[in-house]
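Summary of structural features
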Amino acid sequence: NQIEKGLILYREMQLSKAIMNDVTCICILQIGNKIGSLELVKEVHFNIVSANYESLSAVVATLIHAYGSCGSMEDAYMLFNDIPEDERDVVTWNAFIALLAGEGNTEKTLEMFEKMKDANVKPNESTFNSILLTCCRTGFVVEGVKYFHAMIKDHGISPNIRHYGILLDLLGRAGDFNGVKQTLESMPMEAPITIWLSLLAACKMHGNVEVAKEAFAQAVRLQPEDDSAYVLMSNIYSEAGMEQLAAKVKYSLDRRVE
């Protein structure tokens, strides 16, 4: 994350006429992505073509993502479409799907996912991260649940904690607390505090005090020093008209801080 130092080193490298390799290109593209410099991305793109690195999927994937992040979706589309279909591997497809998902274009994201499968490219964990995330952001509950189960049954991919977290966030936002309970019970790993805080936020949104109690207890058990759970639970009690319980949680927080 030392962007300025990275840029200085890159310019020194150019002055010394050192030859860029594929790793250099990826690193500079990541810098261009973070600072939103389309000019820098185009400059590195020229170097990539000159060095014949455009056949390396990791380089192309980073380039696609960098163009999209710098607001040039047209260049990202063009770059992806210029790759022959039989040369698009899972890394390239994932980069483009993640870019569409990041834009919030759910329908286009799911469409590209189906095209990926039609091209006989097997999706992986990263693919489903993007698919589930775009469903979550736009509230596509039925689709999100469908893709989650398809990931397991059709593609043999065991969900990781990120997959579970996105699914639980999706179900919680939709107020499907039965689905939340079933998902939590099916998880082979312990839910981290981020999931419990997300669930608390969903409980606040839908006024579900009972589920909030369990989420609060788990969050405090995992990270008793975190204020977020106390604040959320106090607000949930207050909004439910349970002022005494809200005051009790606030008192616990004040005592803990002292």
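Everything below is about the structure printed above this text.
Residues numbered from 1 in each chain as written. Predicted model: local features only at pLDDT ≥ 70, side-chain atom pairs only at ≥ 80, totals over all residues. Heavy atoms only, no water.

Next up on the list: the overall build of the protein chain. Counting its regular elements, the protein chain contains 15 helices and 0 strands. For the protein chain, the C-alpha radius of gyration of 23 Å lies well beyond 18 Å, the compact-globule estimate for 258 residues. For the protein chain, the spread of C-alpha atoms along the principal axes amounts to about 70 × 45 × 30 Å. Excluding contacts between residues fewer than 6 apart, the proportion of contacts in the protein chain whose partners are at least 24 apart in sequence is 59%. By element, 52% of the accessible surface of the protein chain is carried by carbon and sulfur atoms, the whole surface being about 13,900 Å². Counting 23 positive and 34 negative side-chain charges, the protein chain places the centres of these two groups 5 Å from one another. (Helix = DSSP H or I, 4+ residues; strand = E, 2+ residues; numbered from the N terminus. Rg over C-alpha atoms; globule rule 2.2 N^0.38 Å. Contact = heavy atoms within 4.5 Å. Areas by Shrake-Rupley, 256 points an atom, 1.4 Å probe, with all protein chains shown as cover. Lys, Arg positive; Asp, Glu negative; His and termini not counted. Charge placed at Lys NZ, Arg CZ, Asp CG, Glu CD.)

This next bit is on the pattern of salt bridges. One pass over the structure, following the stated rule, counts 9 salt bridges. Across the pair Asp75 and Lys42 runs a salt bridge, and its minimum N-O distance is 3.2 Å. You can see Asp75 sitting in helix H5 (residues 73-82) and its partner Lys42 sitting in helix H3 (residues 38-50), a full 33 residues away along the chain. Residue Glu111 is joined to Lys108 by a salt bridge in which the shortest nitrogen-to-oxygen separation is 3.6 Å. Pair noted here: Glu111 and Lys108 are both in helix H7 (residues 106-118), with a separation of 3 residues, about one helical turn. The exposure class assigned to Lys108 is partly exposed, which follows from its relative accessible area of 24%. Each of the salt bridges in this network shares a partner with another, and the network as a whole consists of Lys108, Glu111 and Lys115. (Salt bridge = Lys/Arg side-chain N within 4 Å of Asp/Glu carboxyl O. Buried < 20%, exposed > 50% of the residue type's maximum accessible area, 1.4 Å probe, protein only.)

We now examine the packing of H3 against helix H4 (residues 57-69). For any two helices packed against each other, one specifies the crossing angle of their axes together with the interaxial distance. Across the interface, H3 lies against H4 with an axial gap of 10 Å and an inter-helix angle of 155 degrees. Classified by the angle between their axes, H3 and H4 sit roughly antiparallel to one another. The handedness of the crossing between H3 and H4 is left-handed. Across the interface between the two elements, Leu38, Val41, Lys42, His45 and Ile48 from H3 touch Val59, Leu63, Ala66 and Tyr67 from H4. Here the contact of H3 with H4 is composed, by residue class, of 7 nonpolar, 1 polar and 1 charged. (Axes fitted to C-alpha atoms, helices over the stretch in contact; angles between N-to-C directions. Parallel < 35°, antiparallel > 145°, perpendicular 65-115°, else oblique. Left-handed = near helix turned anticlockwise from the far one by under 90°. Nonpolar A, V, L, I, M, F, W, Y, C, P; charged D, E, K, R; others polar.)

Here we take up the packing of aromatic side chains. Under the defined criterion, the tally for this structure stands at 7 aromatic pairs. Grouped by ring-pair contacts, the aromatic residues Tyr77, Phe80, Trp93 and Phe96 constitute a single cluster. It is Arg88 that lies over the ring of Phe80; its NZ or CZ is 4.3 Å from the centre. Directly above the aromatic system of Tyr147 lies the positively charged group of Lys146, at a separation of 4.7 Å from the ring centroid. (Phe/Tyr/Trp six-rings, centres within 6.5 Å; stacked < 30°, edge-to-face > 60°. Lys NZ or Arg CZ within 6 Å of the ring centre and 35° of its normal.)

A few words now on unusual backbone geometry. Positive phi values are uncommon outside glycine, yet Lys17 reaches one of about 60 degrees. Within the element layout of this structure, Lys17 appears in the loop between helix H1 (3-15) and helix H2 (22-35). Taking relative accessible area as the criterion, Lys17 reaches 70% and is therefore assigned exposed. With a phi close to 60 degrees, Asn120 is a non-glycine residue in the positive phi region. Mapped onto the elements, Asn120 comes out in the loop between H7 and helix H8 (125-138). For Asn120, a relative accessible area of 73% puts it in the exposed group.

Let us now look at the nonpolar core. Formed by 77 residues in total, the largest nonpolar core has its most connected members in Val44, Ile48, Ile64, Leu200, Phe216 and Met233. With 8 residues, the top contributor of residues to this core is helix H12 (residues 193-206). Once you skip the residues sitting within four places of it in the chain, Met233 turns out to touch Leu200, Val209, Ala212, Lys213, Phe216 and Val249. (Core = buried A, V, L, I, M, F, W, Y, C linked by side-chain atoms within 4.5 Å.)

Right, let's talk about helix H11 (residues 177-186) for a bit. For H11, the set of buried residues is Phe177, Gly179, Val180 and Thr183. Buried residues of H11 fall within an arc of 150 degrees about the axis and therefore sit on the same side. The outward face of H11, more than 90 degrees from its buried face, is lined by the exposed residues Asn178, Lys181, Gln182 and Glu185. Of the surrounding secondary structure, the elements contacted by the buried residues of H11 are helix H10 (161-174), H12 and helix H13 (209-222). (Arc of directions from axis to C-beta.)

In short, shape yes, function no, at least from these values alone.
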